[in-house]
Amino acid sequence: MIKANQTKLNCLNFYTRCGIKGSKRSNVEYMFGIVGVPIIEVAMAAQAAGIKYVGMRNEQAACYAASAIGYLTGRPVIVIGGSSDQNQETTGAFQEFPQVEACRLYSKFSARPSSLAMIPAVVEKAIRSSIYGRPGACYIDISGDMVNARVDRDSVRFVCCCPPPPVSLASSTEIYVAVRVLKQAQKPLIIIGKGAAYGRAEKEIKELVELSGLPFLPTPMGKGVLPDDHPNCVSAARSKALLQADVVVLLGARLNWILHFGFPPRFSPHVKVIQVDLCAEELSNNVRAAAALLGDVRAVVGQVLTTQSDRWRYPSDTEWWVKLREKMASNAQISKALALSTALPMNYYTAFHHIAELLPKDCIIVSEGANTMDIGRTMLLNRYPRHRLDAGTFGTMGVGPGFAVAAAVLEKAQQTGKRVVCVEGDSAFGFSGMEVETMCRYKLPVIIIVINNNGIYSGVDAATWKEMEKMGDMTTIAPPVTLLPEARYEQVMSAFGGRGYLVRTAEELRSALQQSLRDTDNPSLLNVLIDPASDRKQQVTGCNQHTHKLHVTSI
């Protein structure tokens, strides 16, 4: 997936013929960006080469969309940026900046072709670097004086497209160690990460879980590798599962902040970790691995299955399973009580309860926000791999609309009929909300649901807001987390020709969502007004069992 940067990039003549066509030959299908003089021709050249160009309203959203397509298709982002002429360096040229050096910190490969003749080779290396090993973004810089330059075709170094990434296997010794540790476990737990989804390991992991009878827990982007409603899924007892497990199997998941680094008090200080990862540097990070399995997650799980010739199975009637099921049932009752509340304004759980009842099982769920994303993860189930896109490891706000555009473009091209549903907090929607025009322009039938609590984490109601306005300057009075009460976000969508709905009750929510699901031609936005004081349920975690509220997403 290519994201074209507006900064001084034209790429006429040579680059458009060799660079863009080379990208197309390397199975690059989509380009997201914003055009302007002098880069309009880049998008035109991409279209002429058969690449689908999607014009966005913000460069950040363009990168978000490209990254989402990369995740869904296995073709990570290539960012193409323009820079000032080489003979103007150090003179204060227009937008002069050390772009290659700056991007090197954040990308797997960052380079400027030394000559026109080297462009194809650099493009090939960028694509190869992006998909080999741990996948990641790459940057190609094109100086302004290359844009309209010409070159003798015979002097060009043309290269073949790179083959698919090599599949690596783990050490057989480590495989045997892992199996031995797993069989000795009293309280085992499998954690399925985003890497397992990206690695297309769902078939092998399903076989592992169902043959072994082990409980599993998905990370946010690992949801759907196995269905969230699978009988072995213990997401509803997440805190207890993490805290009391004596052996944890990490399948394409990292012990970062999402998993509390593997540290006490969220994990047992004596926990043994079996880690499967494609990146050697990630092994034993934060917690020393009892078995470090370096390799492709799909292939490595296959190795584990082959090694278990005795078809060992963890009993379903152990004390560990009994405690996990009890905790899941207890948490479900708490959530159910909140979900069935008839009080108005609605709370998060009531809104999500009705949304979950109506969403198609195969829809792609995009989500971002604070409480909106956290609670939505527990109540909006995913049953298929790579059907959830959210703020992920970085907790970046603003990703939602770009992700949704990407997913909708892909589903439209593949004619799957699957719906893309983007669930946003009202604060998060403000970051990239203008992308609703992109949805309307390309007639992408995305359904955006804004869970509007008038603020970041929490807000105030309209009456309280008016009282505060009487008190003086709102810059010194209004709490920093508050936003304008009952903002009419649905009118942003209707302004561009989409369908907008203002929702206050469960009945209005169900009606608006049903109408939106029936409309397969136009995007919709449901502005769901909930109680500004609504929060997520209290959780008991840690060794001291103190009660506190969890916020795991930064804004």
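Bear in mind the structure is a predicted one, so any value in this text is a computation, not a measurement.

Description of the UniProt feature "domain: Thiamine pyrophosphate enzyme TPP-binding" (unreviewed entry) in the protein chain
- As recorded in UniProt, the sites labelled "domain: Thiamine pyrophosphate enzyme TPP-binding" (unreviewed entry) are residues 371-528.
- For residues 371-528, the helix share is 44%, the strand share is 18%, and the end-to-end C-alpha distance is 14 Å.

Section: the pairing of strand E14 (residues 420-425)
- The element E14 is largely enclosed, with a buried count of six among its six residues.
- The alternating pattern of E14 places Val420, Cys422 and Glu424 and Val421, Val423 and Gly425 on opposite faces, both of which are buried.
- Pairing geometry for strand E12 (residues 364-368) and E14, over five bridges, is parallel. Across the sheet, residue Glu368 finds its bridge partner in E14, namely Glu424.
- With five bridges connecting them, E14 and strand E15 (residues 447-452) associate as parallel partners. Following the sheet pairing, Glu424 is matched in E15 by Val450.

Section: the UniProt feature "domain: Thiamine pyrophosphate enzyme central" (unreviewed entry) in the protein chain
- The UniProt entry lists residues 178-302 under the feature "domain: Thiamine pyrophosphate enzyme central" (unreviewed entry), expressed in the numbering used here.
- Between the first and last C-alpha atoms of residues 178-302 the distance is 13 Å; the span itself is 28% helix and 20% strand.

With respect to the pattern of salt bridges
- Counted under the stated rule, the structure contains 22 salt bridges.
- In this structure, Glu124 and Arg128 form a salt bridge, with 3.0 Å as the shortest nitrogen-oxygen distance. Residue Glu124 and its partner Arg128 are located together in helix H5 (residues 119-131), separated by four residues, close to a single helical turn.
- We classify Glu124 as buried; its relative accessible area is 12%.
- By relative accessible area, which is 29% here, Arg128 ends up partly exposed.
- Here Asp390 and Arg388 are joined by a salt bridge, their closest N and O atoms 3.2 Å apart.
- Among the residues examined, Asp390 registers a relative accessible area of 3% and is labelled buried.

Description of the pairing of strand E10 (residues 272-277)
- Across the six residues of E10, five count as buried, placing the element largely inside the fold.
- Two strands pair when backbone bridges link them, and strand E9 (residues 247-251) and E10 are joined in this way by five bridges, in the parallel orientation. When the sheet's bridge partners are listed, Val249 is paired in E10 with Ile274.
- Pairing analysis gives five bridges linking E10 to strand E11 (residues 289-294), with the strands arranged parallel. Following the sheet pairing, Gln275 is matched in E11 by Ala292.

Observations regarding the sheet that holds E14
- Taken together, the six strands give an open sheet; going across it, the order is E13-E12-E14-E15-E19-E18, and neighbouring strands pair in parallel fashion. One side of each edge strand has no neighbouring strand; the edge strands of this open sheet are strand E13 (388-390) and strand E18 (499-503). Between one strand axis and the next, the sheet turns by 15° as a mean value, whatever way the strands run.
- Bridge count between E18 and strand E19 (residues 524-529): five bridges; the pairing is parallel. Each bridged residue has a counterpart across the sheet, and for Gly500 the counterpart in E19 is Leu525.
- Packing of helix H13 (residues 371-379) onto the sheet brings it into contact with E12, E13, E14 and E15, and relative to E13 it is tilted by some 160°.
- Packed on one face of the sheet, helix H14 (residues 399-414) meets E12, E13 and E14 and runs near 180° to E14.

A few points about the nonpolar core
- Counting 104 residues, the largest nonpolar core has Phe32, Ile205 and Ile448 as the members making the most contacts within it.
- Here Ile448 is in contact with Cys422, Glu424, Phe429, Val436, Met439, Met493, Ser524, Leu525 and Leu526, once residues within four sequence places are set aside.

Describing unusual backbone geometry
- Following Pro264, the chain continues into Pro265 via a peptide bond in cis, with omega recorded as 5°.
- Along the polypeptide, Pro265 turns up in the loop between E9 and E10.
- The omega angle of the peptide bond from Leu344 to Pro345 is -5°, so this bond is cis rather than trans.
- Turning to its location among the elements, Pro345 is positioned in the loop between helix H11 (319-339) and helix H12 (348-358).

Details of the sheet that holds strand E7 (residues 188-192)
- Reading across the sheet, the five strands line up as E8-E7-E9-E10-E11 and stay open at both edges, with parallel pairing between neighbours. Pairing within the sheet leaves two strands with one partner each, and these edge strands are strand E8 (216-218) and E11. Direction aside, the axes of adjacent strands within the sheet are offset by 15° on average.
- Sitting on the sheet, helix H6 (residues 172-183) is in contact with E7, E9, E10 and E11, with an inclination near 135° to E11.

Quick word on helix H3 (residues 59-73)
- Taking 1.5 Å per residue, 15 residues should reach 21 Å; H3 reaches 21 Å between its end C-alpha atoms and fits that length.
- Residues of H3 that are buried include every one of Ala61, Ala62, Tyr64, Ala65, Ala66, Ala68, Ile69, Gly70, Tyr71 and Leu72, and no others.
- Of the residues trailing H3, Gly74 is marked for its positive phi of about 80°.

Things to note about the packing of aromatic side chains
- Taken as a whole and judged by the stated rule, the model has four aromatic pairs.
- Here the aromatic rings of Tyr71 and Tyr198 are separated by 6.4 Å at their centres, their planes lie at 25°, and the arrangement is stacked. Within this pair, whereas Tyr71 is found in helix H3, its partner Tyr198 is found in helix H7 (residues 194-198), the two being separated by 127 residues in sequence.
- Look at Tyr71 and you get buried, because its relative accessible area is 5%.

Let's talk about the packing of helix H8 (residues 202-212) against helix H10 (residues 297-307)
- Across the interface, H8 lies against H10 with an axial gap of 9 Å and an inter-helix angle of 30°. As H8 packs across H10, the resulting crossing turns out to be left-handed. Across from Glu204, Ile205, Glu207, Leu208 and Leu211 in H8, the residues of H10 making contact are Arg298, Val301, Gly302, Val304 and Leu305.
- The residue makeup of the contact of H8 with H10, split by class, is six nonpolar, one polar and three charged.

Remarks on the state of the cysteines
- As enumerated under the stated definition, the model contains zero disulfides in all.
- Cysteine Cys103 is unpaired, with the sulfur of Cys63 as its nearest cysteine sulfur at 9.4 Å.
- Since its relative accessible area comes to 24%, Cys103 is described here as partly exposed.
- The closest cysteine sulfur to the non-disulfide-bonded Cys161 is located on Cys162, 7.1 Å from its own sulfur.

The rules behind the values
- Here the residue numbers are simple positions, counted from 1 along each chain's written sequence.
- Residue-level local features of this predicted model are given only where pLDDT is at least 70; pairs of side-chain atoms are given and counted only at 80 or more, and the full residue set underlies all totals for whole chains, interfaces and linings.
- The side-chain numbers reported here are obtained from all heavy atoms of the structure, hydrogens and water having been left aside.
- UniProt positions are given in the numbering used here, feature names are shortened, and annotations may be inferred rather than shown by experiment.
- Numbered from the N terminus, helices here are DSSP runs of H or I no shorter than four residues, and strands are runs of E no shorter than two.
- In this scheme, a residue with accessible area under 20% of its type's maximum is buried, one over 50% is exposed, and one in between is partly exposed, where area comes from a 1.4 Å probe on protein chains only.
- For two strands to count as paired, DSSP must find a minimum of two bridges between them.
- Here, a salt bridge means any side-chain nitrogen of Lys or Arg that lies within 4 Å of a carboxyl oxygen of Asp or Glu.
- An axis is simply a line fitted to the C-alpha atoms; with a helix, the fit covers only the stretch in contact. Between two such axes, the angle follows the N-to-C directions and lies from 0 to 180 degrees.
- Contacts between residues were defined by any pair of non-hydrogen atoms, one from each residue, lying within 4.5 Å.
- Take the buried Ala, Val, Leu, Ile, Met, Phe, Trp, Tyr and Cys residues and link them wherever side-chain atoms come within 4.5 Å; each set so joined is a nonpolar core.
- The span you would expect from a helix comes to 1.5 Å times its residue count less one.
- Stacked, edge-to-face and tilted are the three classes for Phe, Tyr and Trp ring pairs, Trp counted by its six-membered ring, which pair at centre distances within 6.5 Å; planes under 30 degrees apart are stacked, over 60 edge-to-face, the rest tilted.
- Should the near helix be turned counterclockwise from the far one by less than a right angle, the crossing is left-handed, whereas a clockwise turn marks it as right-handed.
- Throughout this entry, Asp, Glu, Lys and Arg are counted as charged residues, while Ala, Val, Leu, Ile, Met, Phe, Trp, Tyr, Cys and Pro are counted as nonpolar. The remaining residues, Gly among them, count as polar.
- In plain terms, two cysteine sulfur atoms within 2.5 Å form what is called a disulfide here.

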